[in-house]
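Results of the structural survey
Each chain, written out:
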Amino acid sequence: MADSYCPDCKRLTEIVFDHSAGDTICSECGLVLEAHSVDETSEWRNFSNESSDHDPNRVGGPLNPLLADGGLSTTISKTNGGSNEFLSGSLGKWQSRGANPDRNLIQAFKSIAAMADRLGLVTTIKDRANEIYKKVEDQKPLKGRNQDAILAACLYIACRQENKARTVKEICSVVNGATKKEIGRAKEFIVKHLEVEMGCSVEMGTIHAADYLRRFCSNLGMTNQAVKAAHEAVQKSEELDIRRSPISVAAAVIYIITQLSGDKKPLKDISVVTQVAEGTIKNSYKDLSPHLSQIIPSWFAREEDIKNLHS
């Protein structure tokens, strides 16, 4: 505590600093002399009483069990990406001699994280993609293969396993140096490799049109009522023998629902958002046309409107 002049007591009094609120308080009358002040001192608080961890200090980054050193190694980099005479001397030699064995892994994890961030994926999917890449990389079969395609394929498989499916085209849009065909081949390679290593099939979950529907509807700015109707429609369409990909069915259902609603969306806009060709959407629509009365919710559209759309 220290002394300070209190305008309420009209004299010098002892003050108390409330660290939780950042307030300076007069110990005599309780008047707040200064509110929300910032404590600029270093924080060395220990959370040993609140956590079962052996080292609960709030210092440093999180441990990464996929790395040999847990991700706690230190690398001295050049300032601003430029040359540094000191690093090119003895310190640079020592650092190069003790090169981080996980350097390639760290770079791969950074690339996966960058792709996941651009797709708006959660941390659990990033971690699953990292685990998949680590399993494949441990066997050293990646020499001569397209690294970008391998990383993108790991992310695609992780999305499938976490039931947050993304299309190969969506994955391809956030990776540089890999085509849709290369990512597809990389996916088949990884799945086959993991099946050999684990001795069992790799579960990736079944893709349904509903897995993509809400995201597509959101990007098109559809109303909640239209989204609900589209979701019911794609669920009912799964009971039919429609031999189209789930993405094509989702795109066709969106087209149908928007045509029946007051907020019609151009076929071109639906094609851009779903990344399904306009011709494919039209063909999927034709396959669904005989079943419109079965899949379109009765509360959303009248039978007469559905027949007029079909005609």
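Residue numbers restart at each chain and count upward from 1, following the sequence in its written direction. Per-residue local features of the predicted model are confined to residues with pLDDT of at least 70, and side-chain atom pairs are confined, for both listing and counting, to 80 or more; whole-chain, interface and lining totals are unaffected and use all residues. The side-chain values count all of the structure's non-hydrogen atoms but skip hydrogen atoms and water molecules.

For the protein chain, an unreviewed UniProt entry supplies the name TFIIB-type domain-containing protein and the organism Dovyalis caffra. UniProt positions are given in the numbering used here, feature names are shortened, and annotations may be inferred rather than shown by experiment. Regarding the protein chain, the UniProt comment filed under Sequence similarities (unreviewed entry) reads as follows: "Belongs to the TFIIB family." Here the protein chain is described in UniProt, under the heading Subcellular location (unreviewed entry), as follows: "Nucleus".

**Some remarks on the pattern of salt bridges**
The rule for a salt bridge is simple: a side-chain nitrogen of Lys or Arg has to be within 4 Å of a carboxyl oxygen of Asp or Glu. Using the criterion set out here, one finds 9 salt bridges in the structure. Residue lysine 126 is joined to aspartate 117 by a salt bridge in which the shortest nitrogen-to-oxygen separation is 2.6 Å. Here arginine 244 ties to aspartate 287 by a salt bridge, and the two come within 2.7 Å at their closest N and O atoms. Taken together, the residues span a long stretch of sequence, with arginine 244 in the loop between α8 (224–237) and α9 (246–260) and aspartate 287 in helix α11 (residues 278–288) at a distance of 43 residues. The cut-offs for exposure are 20% and 50% of the maximum accessible area for each residue type, with area from a 1.4 Å probe on protein chains only; residues under the lower value are buried, those over the upper are exposed, and the others partly exposed. For arginine 244, a relative accessible area of 32% puts it in the partly exposed group. A run of H or I in DSSP becomes a helix once it reaches four residues, and a run of E becomes a strand once it reaches two; helices and strands are each numbered from the N terminus.

**Remarks on the pairing of strand β3 (residues 23–26)**
With 4 bridges joining them, strand β2 (residues 11–18) and β3 adopt antiparallel strand pairing. If you follow isoleucine 15 over to β3, its bridge partner there is cysteine 26. Summarising the sheet, β3 and strand β4 (residues 32–34) pair through 2 bridges and their orientation is antiparallel. The partner of isoleucine 25 across the bridge, within β4, is valine 32. DSSP calls a pair of strands paired once it identifies at least 2 bridges connecting them. In this antiparallel pair of consecutive strands, β3 and β4, the connection spans 5 residues, and glycine 30 shows a positive phi of 80°.

**Some words on the packing of helix α7 (residues 210–220) against α9**
Every axis in this analysis is a line fitted to C-alpha atoms, fitted for helices over the stretch in contact. Angles between the N-to-C directions lie between 0 and 180 degrees. Look at α7 against α9: their axes get within 10 Å of each other, and the N-to-C directions meet at 45°. In terms of their interaxial angle, α7 and α9 are classed as oblique. Here α7 runs over α9; the crossing is right-handed. In this structure, α7 uses Tyr212, Leu213, Phe216, Cys217 and Leu220 to contact α9, whose residues at the interface are Ile247, Ala250 and Ile254. Considered class by class, the residues forming the contact of α7 with α9 number 8 nonpolar, no polar and no charged. In what follows, roughly perpendicular refers to angles from 65 to 115 degrees, roughly parallel to angles under 35, roughly antiparallel to angles over 145, and oblique to any angle outside these ranges. Handedness of a crossing is defined here by the sense of rotation of the near helix relative to the far one, left-handed for an anticlockwise turn of less than a right angle and right-handed for a clockwise turn. Contacts between residues were defined by any pair of non-hydrogen atoms, one from each residue, lying within 4.5 Å. Residues are grouped as follows: Ala, Val, Leu, Ile, Met, Phe, Trp, Tyr, Cys and Pro are nonpolar; Asp, Glu, Lys and Arg are charged; all remaining types, including Gly, are polar.

**Things to note about the packing of aromatic side chains**
Ring pairs are drawn from Phe, Tyr and Trp, using the six-membered ring of Trp, whenever the two centres fall within 6.5 Å, and their geometry is named by plane angle: stacked under 30 degrees, edge-to-face over 60, tilted for the rest. Using the criterion set out here, one finds 3 aromatic pairs in the structure. Centroid distance tyrosine 212 to phenylalanine 216: 6.0 Å. Interplanar angle 10°. Geometry classified as stacked. Highlighted residues: tyrosine 212 and phenylalanine 216, both in helix α7, separated by 4 residues, approximately one helical turn. Residue tyrosine 212 is classed as buried on the basis of its relative accessible area, which comes to 2%. Residue phenylalanine 216 is classed as buried on the basis of its relative accessible area of 1%. Ring centres of tryptophan 299 and phenylalanine 300 lie 5.9 Å apart, and the angle between their planes is 85°; on these two criteria the pair is classed as edge-to-face.

**Describing unusual backbone geometry**
If you check the backbone angles, asparagine 163 has positive phi at about 60° while not being a glycine. Considering the arrangement of structural elements, one finds asparagine 163 in the loop between α4 (147–161) and α5 (168–172). Taking relative accessible area as the criterion, asparagine 163 reaches 60% and is therefore assigned exposed. At glutamine 275, a position not held by glycine, the phi torsion is positive, near 60°. Within the secondary structure, glutamine 275 sits in the loop between α10 (267–274) and α11. A relative accessible area of 28% means that glutamine 275 is categorised as partly exposed.

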